[in-house]
Amino acid sequence: MVSYLPSPTSLEVRHGHELLRIEAWGTDSARVRAALYRLPDSSVGALDDRALSVDAFSVGALDDGALDFGALDDAAPQTAGAARVVVETTAGGARLVNGELTVNVTFDEAEPYPVPHLTFTRTSTGAELLTESREHFWQPGARVFLGNGSGAYEIHQQFAAYPGEKLFGMGQRTHGRLDIKGLALDLVQRNAEVNIPFVLSDRGYGLLWNVPAVGRVEFADNATRWQASQAREIDYWITAAPTPAAILERYADATGHSPELPEWASGFWQSKLRYRTQDELLTVAREHARLGLPLSVIVADFFHWSAMGDYRFDEKEWPDVPAMVAELASFGVELMVSIWPTVSPLSENFADYRDRGLLVGADQGVEFLQTIQDKGMVTPMPVGFYDPTNPETRAYVWGLVSRNYLEAGIRVFWLDASEPELNPAHPANMHLYAGPGAEVANIYPRDNARLFAEGMAAAGQQPTVLLCRSAWAGSQKYGAAVWSGDIPATWGSLAEQVRAGLNIAISGIPWWTTDIGGFHGGNASDPAYQELVTRWFQYGVFCPLFRLHGDREPRTPTGYAMTGGPNEVWSFGDETFALLREVLELRERLRPYIHDQMRLASATGLPPVRPLFVDYPDDAGAWMIDDQFLFGPDILVCPVTAPGARERSVYLPGDPGGGRWIDAYTGETFTPGQTIAADAPLSHIPVYLREEAQVSLVT
């Protein structure tokens, strides 16, 4: 027997020990939760169960005492509008209708072991969007709970696979694909692998796996299966908005909107592996000013500190931070500081972290989960991590940051190694305030960004940019900007960045960037590398954030003495410098257009960099292109990702009877819906403007 308990906006289904709840959750959307016996009292996912404003930056209203670490706002169900929600039992089961999404529940008593079965359809057409599929015709069914004696379960959720379906999103990965159909992906945070478990389908739905546990998803030809090794419930959110852009808007409504990008953040960011002293950093900023080169941000990277966990400058190397910040401000430049979540046992604050329970615990062993050679260490030593899921930790760390950085005028923070990067890489060995690492590890980077967003808001500061190496669903509402991690300085890596940036944009992160030139390696005096840097700059100028960084040759072992080779725009030879100057000046001309797109991203969730199909969903050709992108609605960008290439194939999306595309450099016009051979001289990559565009790339 199966029983149904309808309410005005939700439907509960009970069968055996399982409780299944389907709830209207935002326009055209629903949240589905399933557990044995009862649903957990608190959620650690991306959907907030508390009645919070859907304001993009209402972090000050968060109740730190509530054990709820989600990112789906409780206001979202209310926005659905009860008048539009229909919940009813039917002859063969029950259904919930919320706008364009209908959730049908059936119970086939002819099956050997019948269980409730969910099918999601588009209300206006009745077309099937997604349906569950059993793991086996006998048993188990589509939802599986395998007990492990801890009160948690290994969980599976299986859906049908559809021939020809295209899937996008899932955060930022290194697989080099845009369409992720056919891939198996680990649900875990790693350097350069950002796990945001949201997927958009060309069938017309978006789905967020709202479970921050370590696990795996398989988008196979015979089934799609989500799995977590240890969790308390199955929890996911699905929307059936009519277009890809509308799906992204519903997703932002559910998990949080980004703030508007600060005006200073759209310019050029200069960084190298490490400027070791105040004088080194100021010398670079002064040279930018002398040469008349645009510069918005310069970076004091890792090991500027006295010790990990102190969160202050080493006074021997940085003797007058307020004076440095003031001089940079006179150039119109912000100083960004690198902040790692690692805490050295040599830190002046270590006893506080340890005795007040502010460190990430270890399921087995002591609370040291990484090794590094920090200041004061003659050899690499174990270090711990602070626990940002603990509200007391957030208050304590922000107190140090505020006193040592913010009061000196520093308001831009680089949250590096924030997966966190473990050694060995066993997230299940972590134990956090939010719960066991196996169940909640994936929210660490999001709550790390939350620490700084809450702190800035409490200090009466405007939202800043938090440059993060990792993120989870909802990170965007805290001002998290993701970069693609410690990637190699190769042509193959450049090609991967194009796809990675598009998929993380689909996953709800509108602020994204790469290490221009790659992180690992690259000889500034090598002509072959100079070509790569040129092409990477020509791609990077059309990324949401425009930032140079890398560990150039000659490289040294990781430790506080490292600095890396030269990595300034004048380091790559006179010919390359002339080309890079033009790119920097192009970025300056683009900044008003960029902020128009960033305001739109904040308001609607539409990322400024996006695949062609977001704007041209009715163009079948647009769904096939993975090496071009739109930068806002008006600029079509076609990166060059191969050495020596001076021509490339370009697809011009749209209806052949619609508006034409214009070559941004020659003024030649083209009919949409065709593929052309485009010139790609070393001076620029192919870029096209909509005929109606009010933006220009040339002076």
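This one's a predicted model, so the numbers in the text were calculated from it and none came from an experiment.

What about the packing of helix H6 (residues 391–404) against helix H8 (residues 444–458)?
Thought 1: Between H6 and H8, whose axes approach to 10 Å, the crossing angle comes to 60°. Here H8 runs oblique to H6, going by the angle between their axes. Regarding H6 and H8, the two cross each other, and that crossing is right-handed. Facing H6, whose interface residues are Arg394, Val397, Trp398 and Val401, H8 presents Asp447, Arg450, Leu451, Phe452, Glu454, Gly455 and Met456.
Thought 2: Of the residues that constitute the contact of H6 with H8, the class distribution is 6 nonpolar, 1 polar and 4 charged.

Some points on the pairing of strand S1 (residues 3–6)
Thought 1: Taken together, the 4 bridges between S1 and strand S2 (residues 10–15) define a ladder with antiparallel strand orientation. What sits directly across from Tyr4, in S2, is Val13.
Thought 2: Taking the residues between adjacent antiparallel strands as the criterion, S1 and S2 are bridged by 3 residues.

Observations regarding the nonpolar core
The nonpolar side chains of a soluble globular protein tend to be buried with one another.
Thought 1: Counting residues in hydrophobic clusters, the biggest one holds 163 residues, and the most contacted among them are Leu335, Phe413, Phe537, Phe542 and Ile635.
Thought 2: With 9 residues, the top contributor of residues to this core is helix H11 (residues 574–604).
Thought 3: Once you skip the residues sitting within four places of it in the chain, Phe413 turns out to touch Met336, Val337, Ile339, Trp398, Val401, Tyr405, Phe452, Met456, Thr464, Val465, Leu466 and Leu467.

Section: the packing of aromatic side chains
Thought 1: In the structure shown here, the tally under the stated rule is 35 aromatic pairs.
Thought 2: Between Phe219 and Trp226 the ring centres are 5.8 Å apart and the planes differ by 90°, which places this aromatic pair in the edge-to-face class. Per residue, the accessibility class of Phe219 equals that of Trp226, and both read buried.
Thought 3: A centroid spacing of 5.3 Å and a plane angle of 55° characterise the contact between Phe313 and Trp318, whose relative ring orientation is tilted. Across the pair, Trp318 and Phe313 agree in class, each one buried.
Thought 4: Through pairs of rings, three or more aromatic residues link up here, namely Phe302, Phe303, Trp305 and Trp340.
Thought 5: Arg31 extends its terminal NZ or CZ atom over the ring of Trp25, reaching a point 4.8 Å from the ring centre.
Thought 6: Above the plane of the ring of Tyr162 lies Arg203, whose end atom (NZ or CZ) is 3.5 Å from the centre.

Examining the side chain of Thr342
Thought 1: Positionally, Thr342 belongs in strand S22 (residues 342–343).
Thought 2: On the accessibility criterion, Thr342 (3% relative accessible area) is buried.
Thought 3: In this structure, Thr342 is in contact with Met308, Gly309, Tyr311, Val383, Gly384 and Phe385, ignoring residues within four places of it in sequence.

A word on the sheet that holds strand S24 (residues 370–372)
Thought 1: Taken in spatial order, the 3 strands of this open sheet run S22-S25-S24, and their pairing is antiparallel. Both outer strands of the open sheet, S22 and S24, are each paired with one neighbouring strand and no more.
Thought 2: Note that S22 and strand S25 (residues 381–385) share 2 bridges and pair antiparallel. Paired with Thr342 across the bridge in S25 is Phe385.

A few points about the confidence of the model for the protein
Do not read the fine detail of predicted coordinates wherever pLDDT is low.
Thought 1: Here the protein averages 94 in pLDDT, while 95% of its residues score no lower than 70.
Thought 2: For residues 49–69, every residue scores under 50 in pLDDT, and the model assigns this stretch 62 contacts once sequence neighbours within four places are set aside.
Thought 3: Below a pLDDT of 50 lies the segment residues 78–82, which in the model reaches 8 contacts outside its immediate sequence neighbourhood of four places, other chains included.

Examining the side chain of Glu568
Thought 1: Within the element layout of this structure, Glu568 appears in the loop between strand S32 (546–548) and H11.
Thought 2: Buried charge Glu568 goes without a salt bridge, the closest partner of opposite sign being Lys272 at 5.2 Å.
Thought 3: Among the polar contacts listed, one links the side chain of Glu568 to the side chain of Tyr275, at a separation of 2.6 Å.

A short note on the pairing of strand S14 (residues 198–201)
Thought 1: Side-chain alternation along S14 places Phe198 and Leu200 on one buried face and Val199 and Ser201 on a second face that is also buried.
Thought 2: Here strand S12 (residues 167–169) pairs with S14 via 3 bridges, running antiparallel. Across the sheet, residue Leu167 finds its bridge partner in S14, namely Ser201.
Thought 3: Where S14 and strand S15 (residues 205–209) come together, 4 bridges link them in antiparallel fashion. Residue pairing in the sheet places Leu200 in a bridge with Gly206 of S15.
Thought 4: With antiparallel pairing between neighbouring strands as the criterion, S14 and S15 make up a hairpin whose turn holds 3 residues, including Gly204 at a positive phi of roughly 105°.

Concerning the packing of helix H9 (residues 491–506) against helix H10 (residues 527–540)
Thought 1: Axis separation between H9 and H10 bottoms out at 11 Å; the angle between their running directions is 5°. The orientation of H9 relative to H10 falls into the category roughly parallel. Together, Trp491, Ser493, Leu494, Gln497 and Val498 of H9 and Glu531, Leu532, Arg535, Trp536 and Tyr539 of H10 make up the contact between the two elements.
Thought 2: Its residues placed into classes, the contact of H9 with H10 shows 6 nonpolar, 2 polar and 2 charged.

What about the environment of Leu167?
Thought 1: Its place among the elements puts Leu167 in strand S12.
Thought 2: Given a relative accessible area of 2%, Leu167 falls into the buried group.
Thought 3: For the pair Leu167 and Leu178, spaced 11 residues apart in sequence, the C-alpha to C-alpha distance is 8.3 Å.

Concerning the environment of Ala231
Thought 1: If you trace the backbone, Ala231 turns up in strand S17 (residues 224–231).
Thought 2: For Ala231, a relative accessible area of 4% gives the class buried.
Thought 3: With 208 residues separating them in the primary sequence, Ala231 and Glu439 have C-alpha atoms 5.4 Å apart.
Thought 4: For Ala231, the residues in contact, after removing those within four places along its chain, are Ala152, Tyr153, Ile155, Val211, Ala213 and Glu439.

Let's talk about unusual backbone geometry
Thought 1: Residue Pro420 is bonded to the preceding Glu419 through a cis peptide linkage, with omega at 0°.
Thought 2: When you line up the elements, Pro420 lands in the loop between strand S26 (412–415) and strand S27 (430–432).
Thought 3: The peptide bond linking Glu553 to Pro554 adopts the cis configuration, its omega dihedral lying at 0°.
Thought 4: Mapped onto the elements, Pro554 comes out in the loop between S32 and H11.
Thought 5: Backbone geometry at Phe303 places phi at a positive 70°, although glycine is not the residue there.
Thought 6: Structurally, Phe303 is set in the loop between strand S20 (297–300) and helix H4 (321–330).

Calculation rules
Residues numbered from 1 in each chain as written. Predicted model: local features only at pLDDT ≥ 70, side-chain atom pairs only at ≥ 80, totals over all residues. Heavy atoms only, no water. Axes fitted to C-alpha atoms, helices over the stretch in contact; angles between N-to-C directions. Helix = DSSP H or I, 4+ residues; strand = E, 2+ residues; numbered from the N terminus. Parallel < 35°, antiparallel > 145°, perpendicular 65-115°, else oblique. Left-handed = near helix turned anticlockwise from the far one by under 90°. Contact = heavy atoms within 4.5 Å. Nonpolar A, V, L, I, M, F, W, Y, C, P; charged D, E, K, R; others polar. Pairing = 2+ DSSP bridges. Core = buried A, V, L, I, M, F, W, Y, C linked by side-chain atoms within 4.5 Å. Buried < 20%, exposed > 50% of the residue type's maximum accessible area, 1.4 Å probe, protein only. Phe/Tyr/Trp six-rings, centres within 6.5 Å; stacked < 30°, edge-to-face > 60°. Lys NZ or Arg CZ within 6 Å of the ring centre and 35° of its normal. pLDDT = per-residue confidence, 0-100. Lys, Arg positive; Asp, Glu negative; His and termini not counted. Salt bridge = Lys/Arg side-chain N within 4 Å of Asp/Glu carboxyl O. Polar contact = N/O pair within 3.5 Å; in protein donor to acceptor, adjacent residues only side chain to side chain.

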